[in-house]
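# Structural overview
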Amino acid sequence: MTSSRTDPAPIRPLVAGNWKMHGLKAQLAEAATLRAALEGALVPHGIDVMICPPATLIMELARLAAGTRLAVGAQDCHWLPAGAHTGDISAEMLHDAGASAVIVGHSERRAGYGELDHIVKAKAEAALRAGLAAIVCIGETAGQRRAGLTLDVAARQLAGSLPEASTAADTIIAYEPVWAIGTGLTPTTGEVAEVHAFIRTALIDQLGVQGREMRILYGGSVKPSNAAELLAVPSVNGALVGGASLKAVDLMGIIAACKV
Ligand code: 13P
């Protein structure tokens, strides 16, 4: 492995908040606080910021964020554009509601709904078809890490979940070790570095120059107190934040720790 394959060109970081199934309309006050804070001079302009609220809040958040640097994402989509699929939402509908991105393959959907790699890939393809960026999540369980399978899982999920047509402009990878999500546990910076370098090499092998420039986010118990060290790891191009994204002040703390 040569250093040129592991050290990407400067990549614009993204800090994205995944609100998961949290948030009634009152939660939008946090987004308004975040919007105001992002207008402050202290926040570097070289960082992208996104909130992925529950689907019920996308339209309202898109209105609130219009004309600002706060982007709006969604948390999941169906792979078809429309049809008899009660309860589902298509990527086209999310785009129509004002989202510019959608998370696909989050471990909570892989585990809770049996979403296999080919489903995740179909959803990512739907996102690209609808003009949304796809945030494709991968990551090993605690058992897989204990068994030494972390890199095998990453390789398999990348090979199976990423559309062939993905580019650095329309696809983002989020490495989220399942055991680090919502637990307060995080991998060491050395472990994060190993996996992100592996993902970078795999992306280059799979997508060529597009893989070199694709953003790779780290997710799993990111908070203001650990963000600086996690975000300083090579090939960590931002964070996908769960719990700490629910409070604007916490997300601002993470954004402030982001290298640009
Ligand atoms: P936490 O930041 O709450 O661990 O969640 C991470 C996550 O799953 C983001 O998608």
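What you see is a predicted model, and the numbers here were worked out from it, not measured in a lab.

Rules behind the numbers
- Residues numbered from 1 in each chain as written.
- Predicted model: local features only at pLDDT ≥ 70, side-chain atom pairs only at ≥ 80, totals over all residues.
- Heavy atoms only, no water.
- Near = heavy atom within 4 Å.
- Polar contact = N/O pair within 3.5 Å; in protein donor to acceptor, adjacent residues only side chain to side chain.
- Nonpolar A, V, L, I, M, F, W, Y, C, P; charged D, E, K, R; others polar.
- Pairing = 2+ DSSP bridges.
- Helix = DSSP H or I, 4+ residues; strand = E, 2+ residues; numbered from the N terminus.
- Axes fitted to C-alpha atoms, helices over the stretch in contact; angles between N-to-C directions.
- Buried < 20%, exposed > 50% of the residue type's maximum accessible area, 1.4 Å probe, protein only.

Lys20, His106, Gly182, Ser221 and Gly243 are the nearest of the 13 residues found near the ligand. Interatomic distance of 2.8 Å between a side-chain N/O atom of His106 and an oxygen atom of the ligand. Here Gly243 contributes a backbone N or O atom positioned 2.8 Å from an oxygen atom of the ligand. Among the residues making up the shell around the ligand, the classes are represented as four nonpolar, seven polar and two charged.

Attention shifts here to the sheet that holds strand β3 (residues 70-74). Pairing is parallel around the closed barrel formed by eight strands, whose spatial order is β1-β2-β3-β4-β5-β6-β7-β8. Here the average twist between neighbouring strands, direction ignored, is 25°. Bridge count for strand β1 (residues 14-18) against strand β8 (residues 238-241) is four bridges, and the pairing is parallel. In the strand pairing of β8, Val15 is matched with Ala239.

So, on to the pairing of strand β4 (residues 101-104). Side chains Ala101 and Ile103 of β4 all project onto a buried face; the interleaved residues Val102 and Val104 project onto the opposite face, where all are buried too. Where β3 meets β4, two bridges bridge the pair, whose relative direction is parallel. Bridging from a neighbouring strand, Gly73 pairs with Ala101 of β4. The sheet contact formed by β4 and strand β5 (residues 133-138) spans four bridges and is parallel. Bridge pairing in β5 links Ile103 to Ile135.

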